[in-house]
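Spelled out from the first residue to the last, the chains are:
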Amino acid sequence: MPPAHPFDFDAYGNDDDDKLREECGVFGVLGVTDAANFVALGLHALQHRGQEAGGIVCHHPEHGFNSAHRFGYVRDSFTSQTLMQTLPGPLAIGHVRYSTAGSKGAVIRDVQPFFGEFSVGGAAIAHNGNITNADALRRELIERGSIFQSSSDSECIIHLMARSLQRNIAERMEDALRRVEGAFSVVAMTRTKLIGVRDPLGVRPLVLGRIGDGWVLSSETCALDIIGAEFIREIEPGEMVVIDQKNGLESRFPFRKQSPRFCIFEHVYFSRPDSIIGGRSVYETRRQIGVELAREAPQDADLVCPVPDSGTPAAIGFAHESGIPYGMGIIRNQYMGRTFIEPTESIRNMGVRLKLNVNRALIRGKRVILVDDSVVRGTTSRKIKEMILDAGAKEVHFRIASPPTSWPCFYGVDTPQRDKLLAATMTEEEMRDYLAVDSLKFISLDGLYRAAGEAQGRNAKCPQYCDACFSGEYPVAPSDMIEKGFQLKAAE
């Protein structure tokens, strides 16, 4: 089936579920004049983590709490001087959203940050991740009288805080998050405090920065750079930081300590290449993935070509290690967007060509290695292969900078159902035949771990990362999904 509209793509131009979609991005600032302006800039830098909608909540000592929630890109709403003047004060938090739980599509009440007025004062919360027991919590809370305003799993946190008997917002948040299972990096605010929390496994990222005398919390370091903030450190897995201008930063660890399981796909695809994760450059890790791929799956060819933009660093690493020339054989249209053009059959058939164009002069007569970050459903890969062959390539070889994606993610990444994942239903050889390419090779799980800095590869007894989308080994049981019939991987 063709897409409902030929221009209904995400920010990367995907016309189907052939990429894992980003989760969300969170950002907060305390101790600067007009903090909301800094938050808007930070959210702009985190736009790759969610393009559906964004929101900002701020507090001013005289004007109290104010908020704005808008659909679409940050640049289309939060650059308006008229709007930003309604968000005064030295403290603000924000969120960019791609829905991974709750309603898909345009429902403004699902857009974070969420705000609540409690007996101990107001608070707002922005959440990146997914709560795997949200359905059970929601049923319990509704039975006890809670009235939900959204379909988002994140709203459970607000209701749990409202029911807590603790003395202040930070303690109520601790209380609430102890009931929550799954993945959460939270940025929250009260009238005077900026709060950041990561779940005990540290699945999703959260970093701390300084800007002058102020403080910043962000999903990624690249968003610190845009406002000129200094990167201080990552918030530790299971850590809660409570920051105010008077007392500075207080750190506590309210959860039972566990071995961390950061999402390895952040290294592969989600994080921006100019961010730093775990002390490592995301770009360098992706380049090293290409090096490992060239060692594991060598191939005689004339050209190494990335599928832009996410495949570029790995392609550079592959070319360098293999000695095969690197070339931009595919050019991405930087101005992809929705248009008023009627979705005629001929327009629909353009498909990926609206997003990507082949550099025919470079490709013609060549044996080409295409390097991409992942294969999800395979539909886009097939179209790209056809474009390369149409341009006169002699051979097409795919090298994929992640292992086969054969299991869905329940920790804040929007993935298709398992039976829609190509690797869940086919062997590597069957996938090669389905894509109709000369060869197809994925990096091994150990190779991916080595590229991410684990010289000995993956520790099978206690994996250093969350790699459930590749291995089927979920560090937190997805209890809501199991209740709906999801079958976990059988023990080996």
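Computed from a prediction, not measured in an experiment: that's the story for all the values here.

1. Some remarks on the overall build of the protein
Across its full length, the protein carries 18 helices and 23 strands. In terms of overall size, the protein behaves like a compact globule, its C-alpha atoms giving a radius of gyration of 23 Å where 492 residues would be expected to give roughly 23 Å. Its C-alpha atoms give the protein principal-axis dimensions of roughly 70 × 55 × 45 Å. Across the 492 residues in the protein, those meeting the buried criterion constitute 59%. For the protein, restricting intrachain contacts to residue pairs at least 6 apart in sequence, the fraction spanning at least 24 positions comes to 69%. When the 56 basic and 63 acidic side-chain charges of the protein are each reduced to a single mean position, those positions are 0 Å apart.

2. Details of the side chain of Ser-402
Position of Ser-402 relative to the elements: it lies in the loop between β21 (395–400) and α14 (422–425). In this structure the side chain of Ser-402 is engaged in a polar contact, spanning 2.7 Å, whose partner is the backbone oxygen of Asp-373. Sequence-distant contacts of Ser-402, defined by excluding residues within four places in its chain, comprise Phe-265, Val-268, Asp-373, Ser-374, Phe-442, Ile-443 and Phe-470.

3. Observations regarding the packing of aromatic side chains
Tallied over the full model, the rule gives 13 aromatic pairs. With a centroid separation of 5.7 Å and 45° between ring planes, the pair formed by Phe-265 and Phe-470 is classed as tilted. Taken together, the residues Phe-265 in helix α8 (residues 265–270) and Phe-470 in helix α17 (residues 468–471) connect sequence positions 205 residues apart. The burial state of Phe-265 is the same as that of Phe-470; both residues are buried. Here the aromatic cluster, defined as three or more aromatic residues joined through ring pairs, consists of Trp-407, Phe-410, Tyr-411, Tyr-474 and Phe-486. Taking the ring centre of Tyr-434 as reference, the NZ or CZ of Arg-382 above it sits at 4.4 Å. One Lys or Arg, Arg-418, reaches over the ring of Trp-407 and ends 3.6 Å from the middle of that ring.

4. Brief notes about the packing of helix α4 (residues 134–143) against helix α5 (residues 155–163)
The interhelical angle for the contact between α4 and α5, taken along N-to-C directions, is 45°, at an axis separation of 10 Å. Between α4 and α5, the angle falls in the class oblique. Note that α4 runs across α5; the crossing there is left-handed. Contacts between α4 and α5 involve Ala-134, Leu-137, Arg-138 and Leu-141 on the former and, on the latter, Cys-156, His-159, Leu-160 and Arg-163. By residue class, the composition of the contact of α4 with α5 is 5 nonpolar, 1 polar and 2 charged.

5. Some words on the packing of α5 against helix α6 (residues 169–177)
Running from N to C, α5 and α6 cross one another at 115°; their axes reach a closest spacing of 8 Å. For α5 against α6, the interelement crossing comes out right-handed. Of the residues in α6, those touching α5 at Ile-157, Leu-160, Met-161 and Ala-162 are Ile-169, Arg-172, Met-173, Ala-176 and Leu-177. Here the residues of the contact of α5 with α6 sort into 8 nonpolar, no polar and 1 charged.

6. A few points about the sheet that holds strand β1 (residues 24–30)
Strand pairing in a sheet is mediated by backbone hydrogen bonds. Such pairs are either parallel or antiparallel. If you walk across this open sheet you meet the 7 strands as β3-β2-β4-β1-β10-β9-β11, and the pairing is antiparallel. Of all strands in the sheet, those bounded by a partner on one side alone are β3 (64–71) and β11 (230–234). Averaged over all pairs of adjacent strands, the angle between their axes in this sheet comes to 15°, without regard to strand direction. Here 7 bridges tie β1 to strand β4 (residues 91–97), and the two strands are oriented antiparallel to one another. Along β4, the bridge assignment pairs Gly-25 with Val-96.

7. Some words on the pattern of salt bridges
Scanning the entire structure with this criterion turns up 30 salt bridges. Across the pair Asp-110 and Arg-97 runs a salt bridge, and its minimum N-O distance is 3.9 Å. Of the two residues, Asp-110 is situated in the loop between β4 and β5 (114–118) and Arg-97 in strand β4; the sequence distance between them amounts to 13 residues. The salt bridge involving Arg-252 is made with Glu-174; its shortest N-O contact spans 2.6 Å. Taken together, the positions of Arg-252 in strand β13 (residues 248–252) and Glu-174 in helix α6 put the pair 78 residues apart, joining distant regions of the chain. Here the two residues Arg-252 and Glu-174 agree in accessibility, since each one is buried. Among the charged side chains, a salt-bridge network with shared partners connects Glu-292, Arg-295, Glu-296, Glu-321 and Arg-450.

What counts and what doesn't
Residues numbered from 1 in each chain as written. Predicted model: local features only at pLDDT ≥ 70, side-chain atom pairs only at ≥ 80, totals over all residues. Heavy atoms only, no water. Helix = DSSP H or I, 4+ residues; strand = E, 2+ residues; numbered from the N terminus. Rg over C-alpha atoms; globule rule 2.2 N^0.38 Å. Buried < 20%, exposed > 50% of the residue type's maximum accessible area, 1.4 Å probe, protein only. Contact = heavy atoms within 4.5 Å. Lys, Arg positive; Asp, Glu negative; His and termini not counted. Charge placed at Lys NZ, Arg CZ, Asp CG, Glu CD. Polar contact = N/O pair within 3.5 Å; in protein donor to acceptor, adjacent residues only side chain to side chain. Phe/Tyr/Trp six-rings, centres within 6.5 Å; stacked < 30°, edge-to-face > 60°. Lys NZ or Arg CZ within 6 Å of the ring centre and 35° of its normal. Axes fitted to C-alpha atoms, helices over the stretch in contact; angles between N-to-C directions. Parallel < 35°, antiparallel > 145°, perpendicular 65-115°, else oblique. Left-handed = near helix turned anticlockwise from the far one by under 90°. Nonpolar A, V, L, I, M, F, W, Y, C, P; charged D, E, K, R; others polar. Pairing = 2+ DSSP bridges. Salt bridge = Lys/Arg side-chain N within 4 Å of Asp/Glu carboxyl O.

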